[in-house]
Amino acid sequence: MNTTSSPPVLSGIGLSKSFGPTGSTRALDGVDIAVRAGESLAVMGPSGSGKSTLLHCLANIERPDSGQVLLNGERIDQLREPHRSELRRTRFGFVFQFGQLLPELPAVENVALPLMLGGTARREAERRARQWFGPLGLAGKEDSRPGQLSGGQAQRVALARALVAGAEVVFADEPTGALDQATGQDVIRMLTEVTRRQNTALVVVTHDRAVARWCDRTVQMRDGRIVRDADADADADADADAGPAGTCATAAVSSAVTAAVTSAVTGGVVR
């Protein structure tokens, strides 16, 4: 997809982030990155390379220590927490490794939640939510609870939830990590195709090169820096230099993401 002539919808400029009591662990070291509307970007790298921290900073889950994050040219990293939370709920969408669907709600209500939290009446929210089920191959699953869905079906419900409110950017953190290879390929194909059709930017963190190949661009990270940025054609013949990696986050980071997403979905972050 040729998006080089269009301005970025989301960009990070000089992003740095450190952890530890003395800031001794540098997770991001002056990262510059941009993604355009309708473009899909894969972020790869070995464990500890900074790819998940980059996603968290771009998604306003964490603040960078220095640098800027801009959404359609407006700086968002300095927003106060209530506004940051509203931004995540209304302008960003999230798809994570295990979906983070609310188990007590049927699929259609899980999808409708962002709309209802934004003030849309329940009937209208569910009407709009149901419109996603056919195109995503979920017809007949509207009233199924998450426990009654396969892994691939649950991820497609999570995709519908990420897009139903008109997100400008969708963040996907290891979206196929809990799926078998065939199901994972089906999910990433649908994820890239639907976001491209909706002209929504997509940022995917993955350790799986087969997943990255579905994206328009792939960046490789190492030691908190981007060491390679290539479009799909250039990346097709590249050797995999990201190294083996398991899940993209440590337990502490996964807990932070889960808390942020659950709060965004349930409304706890808009107090």
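Residues numbered from 1 in each chain as written. Predicted model: local features only at pLDDT ≥ 70, side-chain atom pairs only at ≥ 80, totals over all residues. Heavy atoms only, no water.

Considering helix H1 (residues 51-58)
Most of H1 is tucked away, with 8 of its 8 residues classed as buried. Of all the positions in H1, only Lys51, Ser52, Thr53, Leu54, Leu55, His56, Cys57 and Leu58 are classed as buried. Positive backbone phi, approximately 65°, marks Asn60, located one or two places after H1. (Buried < 20%, exposed > 50% of the residue type's maximum accessible area, 1.4 Å probe, protein only. Helix = DSSP H or I, 4+ residues; strand = E, 2+ residues; numbered from the N terminus.)

Regarding the nonpolar core
Judged by nonpolar contacts, the single largest core of 36 residues is most densely connected at Val111, Trp132, Leu136, Val157, Val170, Leu191 and Val204. Going through the elements one at a time, strand E3 (40-44), helix H3 (107-117), helix H4 (122-130), helix H5 (151-163), strand E7 (169-173), helix H6 (181-197), strand E8 (201-205) and helix H7 (209-212) are the ones with two or more residues in this core. With 7 residues, the top contributor of residues to this core is H5. When residues no more than four places from it in sequence are discounted, the contact partners of Val170 are Gly93, Val95, Ala162, Leu163, Thr195, Thr200, Ala201, Leu202 and Val203. By size, the runner-up hydrophobic cluster in this structure holds 29 residues, among which are Val9, Leu55, Ile61 and Phe94. (Core = buried A, V, L, I, M, F, W, Y, C linked by side-chain atoms within 4.5 Å. Contact = heavy atoms within 4.5 Å.)

So, the pattern of salt bridges
The final tally for this structure, using the stated rule, is 16 salt bridges. A salt bridge links Arg217 to Glu39; the shortest N-O distance between them is 3.2 Å. Placement of the pair is Arg217 in strand E9 (residues 217-222) and Glu39 in the loop between strand E2 (25-36) and E3, with a sequence separation of 178 residues. The burial state of Arg217 is the same as that of Glu39; both residues are buried. Close ionic contact of Arg189 with Asp186 constitutes a salt bridge, the shortest N to O distance being 2.6 Å. Within this pair, Arg189 and its partner Asp186 are both found in helix H6, separated by 3 residues, close to a single helical turn. Residue Asp186 is classed as partly exposed on the basis of its relative accessible area, which comes to 27%. Ionic contacts of the salt-bridge type, sharing partners, join the residues Arg26, Asp29 and Arg225 into one network. (Salt bridge = Lys/Arg side-chain N within 4 Å of Asp/Glu carboxyl O.)

Some words on H6
End to end, H6 covers 24 Å across 17 residues, agreeing with the expected 24 Å (1.5 Å per residue, within 8%). Buried within H6 we find Gly184, Val187, Ile188, Met190, Leu191, Thr192, Val194 and Thr195. Two or three places before Ala182, at the start of H6, stands the capping residue Asp180, its side-chain oxygen 3.1 Å from that residue's backbone nitrogen. Asn199, located one to two residues past H6, shows a positive phi value of around 60°. (Expected span 1.5 Å × (residues − 1). Polar contact = N/O pair within 3.5 Å; in protein donor to acceptor, adjacent residues only side chain to side chain.)

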